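Given next are the chains, with one letter for each unit.
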Amino acid sequence: MTATSVARKRRAAGPLFVAPFMVLFLLLFLAPLGYAAYLSLFEERLIGGTAFVGLDNYVKAVQDPLLLHGVGRVALFFVIQVPVMLVLALLFALALDSGLLRLARVIRLGIFVPYAVPSVVAALMWGYLYGPDFGPFAQLSRKLSLPVPDFLSDGWMLASLANVVTWEFVGYNMIILYAALRTIPQELYEAAAMDGAGAWRVAWSVKLPALRPALLLTLLFSVIGSFQLFNEPKLLMSIAPDVISSSYTANLYSYSLAFTGQKLNYAATVSFLLGLVIVIASYAVLLTANRRRTP
């Protein structure tokens, strides 16, 4: 067998390895996306049936106050919740990597375990904890003769949701950052020690710069997750229906339009616009990060 034939076989094997992913990507991502785009161009009418309306649904959506308020609410959620979550994940990762903690494996597992809890279970559990009647916070406040905190009120709801999501995903982001810390070459630590750098100086000058790609990755995941916020408000809506409406988040609004209002075409439009918002927000994060890297 000549070298040329071997090279040809290797080149032919490449597409075969990629083919399963491409088939699944086409069937599970591009095809549903294309179908949603197709549905968004039509409207179901009482008289006349389904009619082609072009971009009318998009014009209606960008002027829809319910959608705009939902997008604004998740944007505020992102600004408040994500920095807190990533800072906690970073601190935990640095603490575990320092080697100063006893039972580091047990602590690492304990921080990561909430991520293994399904978001539905987490929301139900925290809904019970927040409860003003039988929740432990309310009972403890009554025993201490203190005002009962209403974590499910309109003023506290966004913070309560942020707490649930933070509890769920701190461990996930910590594992990513901790794995990145473990890949830092030992020579950098030795060079820093020879220069007389202490633990804090090493963390600031060696570890944090090496964590920038991992931090950017976790930030991108957080952008996508924040704007897709659904499970937590959906489940807490049954506990606090006066606070969480069917349009509390953009994703929840799209779901309500499709499965409660039976407005499939407009729901597809809202979903498509939400995806566009996520793409723009993710690109803005990448652009900002690249500009900061550029000297």
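A quick note: this is a predicted structure, and the numbers were derived from the prediction, not measured.

A.B. asks: What's the story with the overall build of the chain in this structure? I'm lost.
C.D. replies: Helix and strand counts for the chain stand at 13 helices and two strands. By principal-axis analysis of the C-alpha atoms, the chain measures approximately 85 × 80 × 40 Å. A separation of at least 24 residues holds for 66% of the contacts in the chain among residues at least 6 apart in sequence. About 18,300 Å² of surface is accessible on the chain, with carbon and sulfur atoms providing 69% of the total. Here the chain contributes 21 positive and 14 negative side-chain charges, whose respective centroids are spaced 13 Å apart.

A.B. asks: Where do I start with helix α3 (residues 65-98) in this structure?
C.D. replies: Quick reminder: α-helices carry 3.6 residues per turn. Residues three or four places apart thus point the same way. With 34 residues, α3 extends 49 Å from end C-alpha to end C-alpha; this agrees with the ideal 50 Å at 1.5 Å per step. Measuring from the side-chain oxygen of the N-cap residue of α3 to the backbone nitrogen of L66 gives 3.0 Å; that N-cap residue is D64. Residue G99 follows α3 closely and has a positive phi angle near 80°.

A.B. asks: How do you make sense of the pattern of salt bridges when you look at a structure like this?
C.D. replies: Pairing between side chains of opposite charge can happen when the charged atoms of each approach one another. Counting across every chain of the model gives two salt bridges. Where R182 meets D97, a salt bridge forms, and the shortest distance between an N and an O atom there is 3.1 Å. Taken together, the positions of R182 in helix α7 (residues 157-182) and D97 in helix α3 put the pair 85 residues apart, joining distant regions of the chain. According to the relative accessible area criterion, R182 is exposed, its value standing at 54%. The exposure class of D97 is buried, given its relative accessible area of 11%. Through salt bridges with shared partners, one network takes in D97, R182 and K207.

A.B. asks: Is there a simple way to think about the nonpolar core in this case?
C.D. replies: Across soluble globular proteins, you tend to see nonpolar side chains buried next to one another. Ranked by size, the top nonpolar core spans 44 residues in total, and within it L67, L177 and L211 carry the most contacts. Listing elements by their share of this core, those giving two or more residues are α2 (56-62), α3, α7, α8 (186-194), α9 (199-210), α10 (212-227), α12 (250-259) and α13 (264-293). The element contributing the most residues to this core is α3, with 11 residues. Here L211 is in contact with L90, L177, A180 and L181, once residues within four sequence places are set aside. Of all hydrophobic cores here, the second largest spans 21 residues; its members include L152, A162, F230 and A240.

A.B. asks: Help me understand α12 in this model?
C.D. replies: In terms of residue burial, α12 counts as a mostly covered element, since seven of its 10 residues are buried. Within the span of α12, buried status applies to A250, L252, Y253, S254, S256, L257 and A258.

A.B. asks: Would you mind going over unusual backbone geometry with me for this structure?
C.D. replies: Phi is mostly negative for residues that are not glycine, and the peptide bonds are mostly trans. Even without a glycine there, the phi angle at S145 is positive, about 60°. Structurally, S145 is set in the loop between α6 (136-143) and α7. Accessibility expressed as a relative area gives 67% for S145, which makes it exposed. Of note in this structure, Q262 is not a glycine but carries a positive phi near 55°. Its location among the elements puts Q262 in the loop between α12 and α13.

The rules behind each value
- By convention here, each chain's residues receive numbers from 1 onward along its written sequence.
- Under the rules for a predicted model, residues below a pLDDT of 70 receive no local features and side-chain atom pairs below 80 are neither given nor counted, while totals for whole chains, interfaces and linings still include all residues.
- For side-chain calculations, the full set of non-hydrogen atoms in the structure is used, while hydrogens and water are omitted.
- For the purposes of this entry, the term helix denotes a DSSP run of H or I that reaches at least four residues, the term strand denotes a run of E that reaches at least two, and both are numbered from the N terminus.
- Should any heavy atoms of two residues lie within 4.5 Å, those residues are counted as being in contact.
- Only the protein chains shown count as cover for residues, with accessible areas throughout obtained via the Shrake-Rupley method and a probe of 1.4 Å.
- Only four residue types enter the tally: Lys and Arg on the positive side, Asp and Glu on the negative side, with His and both chain ends excluded.
- By convention, the charge on Lys lies at NZ, on Arg at CZ, on Asp at CG and on Glu at CD.
- Between the first and last residue of a helix there are one fewer steps than residues, each counted as 1.5 Å, and that sum is the expected span.
- Think of a polar contact as two N or O atoms within 3.5 Å of one another; within protein, one of them needs to be a possible hydrogen donor and the other a possible acceptor, and neighboring residues in sequence only count if both atoms come from side chains.
- We define a salt bridge as a contact between a side-chain nitrogen of Lys or Arg and a carboxyl oxygen of Asp or Glu at a distance within 4 Å.
- When accessible area is computed with a 1.4 Å probe and restricted to protein chains, residues below 20% of their type maximum are described as buried, those above 50% as exposed, and intermediate ones as partly exposed.
- Nine residue types can take part in a nonpolar core, namely buried Ala, Val, Leu, Ile, Met, Phe, Trp, Tyr and Cys, and a core is a set of them joined through side-chain atoms within 4.5 Å.

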